[in-house]
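Residue-level structure breakdown
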Amino acid sequence: MSNDAATAIPAVDGPQGPQQELPDHGLGASLPSAEARAKTEGTFPYAADLWAEGLLWAAVLRSPHAHARVVSIDTAAAAGMPGVRAVVTHADVPGAATYGRTVADRPVFASDLVRHHGEAIAAVAADHPDTARLAAAAIAVEYELLDPVTDPEQAFAAAPLHPDGNLIRHIPLRYGDPEAAGEVVVEGLYRIGRQDPAPIGAEAGLAVPRPDGGVDLYTASTDPHTDRDLAAACFGLGPEQVKVVVTGVPGATGDREDPGFQIPLGLLALRTGCPVKLAATREESFLGHPHRHPTLLRYRHHADAEGRLVKVEAQILLDAGAYAEASSESLAAAVAFACGPYVVPHAFVEGWAVRTNNPPSGHMRGEGAMQVCAAYEAQMDKLAARLGVDPAELRLRNALATGDILTTGQTVTCPAPVAELLQAVRDFPLPDLPADTPEDDWLLPGGPEGAGEPGAVRRGVGYALGMVHMLGAEGTDEVSTATVKVHDGVATVICAAVETGQGFSTLARQIVQDTLGIDEVHVASVDTDQPPAGPATHGRHTWVSGGAVERAAKMVRTQLLQPLAHKFGMSTELLQITDGKITSYDGVLSTTVMEALEGKELWATAQCRPHPTEPLDDNGQGDAFVGLAFCAIRAVVDVDVEIGSVRVVEMAVAQDVGRVLNPAQLATRIEAGVTQGVGAALTENLRTARGLVRHPDLTGYALPTSLDAPDIRIVKLVEERDVVAPFGAKAASAVPVVTSPAAVAAAVRSATGRPVNRLPIRPQAAVTTPPQG
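Attention here is on the structure that accompanies the text. What you are looking at is a predicted structure, and each value in this text was computed from that prediction instead of being measured.

Details of the side chain of Q621
With respect to the helices, strands and loops of the structure, Q621 is situated in the loop between β26 (601-608) and β27 (625-640). One polar contact links the side chain of Q621 to the main-chain carbonyl oxygen of R174, over a distance of 3.2 Å. What Q621 contacts, discounting residues up to four positions off in sequence, is L173, R174, Y175, T407, T408, G409, P615 and L616.

In structure tokens, the structure reads:
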């Protein structure tokens with residue numbers, strides 16, 4: 001990406017006018033992350049770096065089959081190897097044999113059936129990692145191979161793959177008149193591939209047994225209290241006997257939420273009485289953790305002669321893989337947002353999530369919303385082509401706004417500047433065309449050594465609008481607790497909100513700086529001895545945990561100001577803290593915060609709980625979402641129409657962010673989201689053959705690198721505060737992930753005239769001209 005795009009934030013529009021000079025601390029400042037230096041220099045203690053005296057190493061035996069009956073498991077050879085201290089299988093799980101965040105349907109170890117490639121069969125603890133892996137390989141498992149069900153459409157008629165059946169959830173959405181019809185009708189069939197979270201650091205952990213018979217788990221968890229409860233149930237222990245200590249989280253987009261490797265760790269530590277460490281290989285990560293749901297989508301859009309939408313009909317089928325994971329939540333988002341950020345008076349959507357013998361699917365940024373965005377935006381392009389209308393203009397005619405009603409029947413009460421966002425990217429100047437000279441060969445879609453010819457390159461411009469929900473949905477009880485302590489002029493924030501790269505720890509420091517006027521603020525490390533703060537998903541820690549920190553800091557502020565206010569016979573509301581000074585409205589009182597704090601130790605604990613939501617009913621209706629965030633992206637691509645290679649030249653982004661809390665951090669989040677979306681559009685697809693993962697490594701799975709990242713131009717940030725959100729801020733990183741794949745696909749359609757109905761885009765989908773010679 002360009003240097004200026006990496007750091008520059010445009011003036012933010014809103015009721016307060018253009019953004020002024022940025023402060024150097026508090027809310028609105030570009031405060032750097034406390035972990036940034038350590039991560040940059042390579043000194044950050046990741047979970048894979050953990051160590052303990054008397055450490056043993058763990059290895060997990062995983063199924064080489066996608067579907068098989070387990071006839072027998074013989075661990076004798078493994079247990080008899082020198083250096084092996086324990087071997088555990090399903091028979092050694094003392095508590096619950098299955099676990100799951102929403103449905104406890106996933107076994108700790110397979111017992112009678114293997115339901116996906118890479119499912120855990122057994123685990124070994126040994127005094128050396130090589131010994132542990134050799135012992136795991138020595139476990140003899142006899143399988144009876146079964147035909148895998150890998151096509152989600154076949155799952156409806158197939159024999160049950162699980163005692164709970166193959167259908168996880170069905171959501172029918174009924175809104176408006178089923179007989180309504182438009183003058184123009186376009187249809188499409190779309191397929192979205194399996195994107196992997198591809199964690200930056202190795203998935204690793206350490207389990208340490210406790211004298212009381214419990215165990216401490218040191219992992220890069222993003223939801224430590226849920227992980228603790230799931231693990232404790234499997235261990236046959238009470239939650240108070242298991243402690244999860246969060247350590248070394250390198251960043252997460254959903255990949256840190258699977259406790260499947262933590263539970264075997266704890267079992268081995270309890271069995272051996274020794275600390276046990278597990279560091280997963282890249283192959284094990286690809287096989288074990290959840291991925292984005294592959295999705296099949298059928299759409300029919302009705303519009304009048306002017307291009308205004310009349311009715312949308314859709315069928316959405318999510319491939320959940322072997323277990324439920326987050327499929328119910330993902331399906332709800334897909335169905336609710338199936339029509340996109342457009343006004344649709346009539347909508348009829350059928351959504352299903354089904355079990356197959358494919359790898360498990362689960363949380364990833366924008367789950368459900370990303371898949372439908374690619375489909376409904378393709379439909380809008382088809383409609384524009386059929387009517388002969390500019391694609392951006394067609395979208396403007398249908399754009400959603402505050403006060404409109406979603407097809408779930410929920411009124412959009414939050415700011416929804418959809419048209420304004422689209423106009424901003426449409427009006428932004430287009431990048432220059434590349435010069436057709438040998439010196440500029442690097443501009444070709446194939447790169448410096450690419451096989452393409454300049455004469456075969458076509459440029460395309462495409463638009464997309466996306467939306468996501470913030471926080472949990474459908475009645476999820478969102479709550480977080482935080483404590484703020486001040487001692488010797490230093491503030492400490494205690495909150496179990498895990499810093500996964502979304503910026504919570506930086507935000508917490510800024511909130512306390514802003515509220516108390518204290519520069520030195522520390523955020524305590526996270527463990528389950530602290531009150532729960534919930535998972536690090538859907539921007540919830542900025543809203544819920546940030547709100548709890550703010551309330552606690554304000555309570556401390558009151559404690560600080562009350563003695564001064566009493567002394568001068570005024571209320572605390574007449575005092576203000578600015579630049580480390582406490583002053584009264586009339587100037588009578590003026591002192592520093594440090595002077596007022598001298599000899600005092602103050603603290604307060606507070607909770608934040610947003611307003612409740614409700615589940616979707618039998619017709620897909622209900623106020624299911626706390627808030628919404630929107631994004632518009634214009635993609636510019638160059639396509640070699642002879643060989644099908646695609647280069648993303650530029651992504652122009654406009655986003656409603658509610659309020660800019662940290663400009664540099666916000667820009668980074670948006671750029672990272674766009675880049676992840678470009679990967680989903682062009683290269684990222686975890687391929688399978690009859691349920692077996694092909695090339696589960698970073699050679700076979702192509703992540704976009706810095707050389708693949710386009711110029712990302714953040715052309716507008718609309719700062720219209722959401723009045724029900726603390727600080728008025730909205731989630732920032734998920735909505736560009738949702739929107740950018742659809743924008744890239746639209747640009748490729750523009751360049752080639754091809755339909756582009758599959759993500760990632762295959763080269764043959766972009767070929768229009770046979771190669772010359």
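Examining the packing of helix α9 (residues 369-387) against helix α10 (residues 391-398)
Two elements in contact, α9 and α10, have axes whose closest approach is 9 Å; the angle formed by their N-to-C orientations is 110°. The angle between the axes of α9 and α10 places the two elements in the roughly perpendicular class. For α9 against α10, the interelement crossing comes out right-handed. Along its contact with α9, which presents E377, M380, D381, L383, A384 and L387, the element α10 presents P391, L394, R395 and N398.

So, the packing of aromatic side chains
Scanning the entire structure with this criterion turns up 6 aromatic pairs. The interplanar angle of 80° and the centroid separation of 5.8 Å between the aromatic rings of F156 and W352 together place this pair among those described as edge-to-face. With F156 in the loop between β9 (140-145) and β10 (167-175) and W352 in strand β18 (residues 346-355), this residue pair connects regions lying 196 residues apart in the sequence. On the basis of relative accessible area, F156 is assigned to the partly exposed category, the value being 44%.

Things to note about the environment of R386
Mapping R386 onto the fold places it in helix α9. For the pair R386 and G307, spaced 79 residues apart in sequence, the C-alpha to C-alpha distance is 9.5 Å. Ignoring anything within four residues of it in the chain, the contact list for R386 reads V184, V185 and V186.

Some points on the pattern of salt bridges
Where charged atoms from two side chains of opposite charge come close, those side chains can pair. Counted under the stated rule, the structure contains 35 salt bridges. The partner of R133 in a salt bridge is E284, with the nearest N and O atoms 3.6 Å apart. Placement of R133 in helix α4 (residues 129-138) and of E284 in helix α7 (residues 282-288) is noted, with a sequence separation of 151 residues between them. Using a relative accessible area of 10% as the deciding quantity, one classes E284 as buried. Its salt-bridge partner being K554, residue E550 comes within 3.6 Å of it at the nearest N-O pair. Linking E550 with K554, this pair stays in helix α13 (residues 540-567), spanning 4 residues, or about one helical turn. On the accessibility criterion, E550 (18% relative accessible area) is buried. By relative accessible area, which is 44% here, K554 ends up partly exposed. Shared partners join several salt bridges into a network, and the residues in it are E377, D381, R395 and R749.

Structural notes on the state of the cysteines
This structure, assessed with the given rule, holds 0 disulfides. Among the cysteines around C339, which has no disulfide bond, C373 carries the closest sulfur, lying 12 Å off. Residue C339 is classed as buried on the basis of its relative accessible area, which comes to 3%. Among the cysteines around C373, which has no disulfide bond, C631 carries the closest sulfur, lying 8.9 Å off.

Side note on the sheet that holds strand β2 (residues 56-62)
With respect to topology, 7 strands assemble into an open sheet ordered β4-β8-β2-β15-β12-β13-β14, the strand pairing being mixed. Taken across any chain shown, the strands that pair with only one partner, and hence form the sheet edges, are β4 (84-88) and β14 (242-246). If you compare each strand with its neighbour and ignore which way they point, the axes differ by 20° on average. The pairing of strand β13 (residues 215-219) with β14 spans 5 bridges and is classified as parallel. Following the sheet pairing, L217 is matched in β14 by V244. Packing of α4 onto the sheet brings it into contact with β2, β4, β8 (120-126) and β15 (276-279), and relative to β2 it is tilted by some 25°.

Cut-off values and rules
- Residues numbered from 1 in each chain as written.
- Predicted model: local features only at pLDDT ≥ 70, side-chain atom pairs only at ≥ 80, totals over all residues.
- Heavy atoms only, no water.
- Helix = DSSP H or I, 4+ residues; strand = E, 2+ residues; numbered from the N terminus.
- Polar contact = N/O pair within 3.5 Å; in protein donor to acceptor, adjacent residues only side chain to side chain.
- Contact = heavy atoms within 4.5 Å.
- Axes fitted to C-alpha atoms, helices over the stretch in contact; angles between N-to-C directions.
- Parallel < 35°, antiparallel > 145°, perpendicular 65-115°, else oblique.
- Left-handed = near helix turned anticlockwise from the far one by under 90°.
- Phe/Tyr/Trp six-rings, centres within 6.5 Å; stacked < 30°, edge-to-face > 60°.
- Buried < 20%, exposed > 50% of the residue type's maximum accessible area, 1.4 Å probe, protein only.
- Salt bridge = Lys/Arg side-chain N within 4 Å of Asp/Glu carboxyl O.
- Disulfide = S-S within 2.5 Å.
- Pairing = 2+ DSSP bridges.

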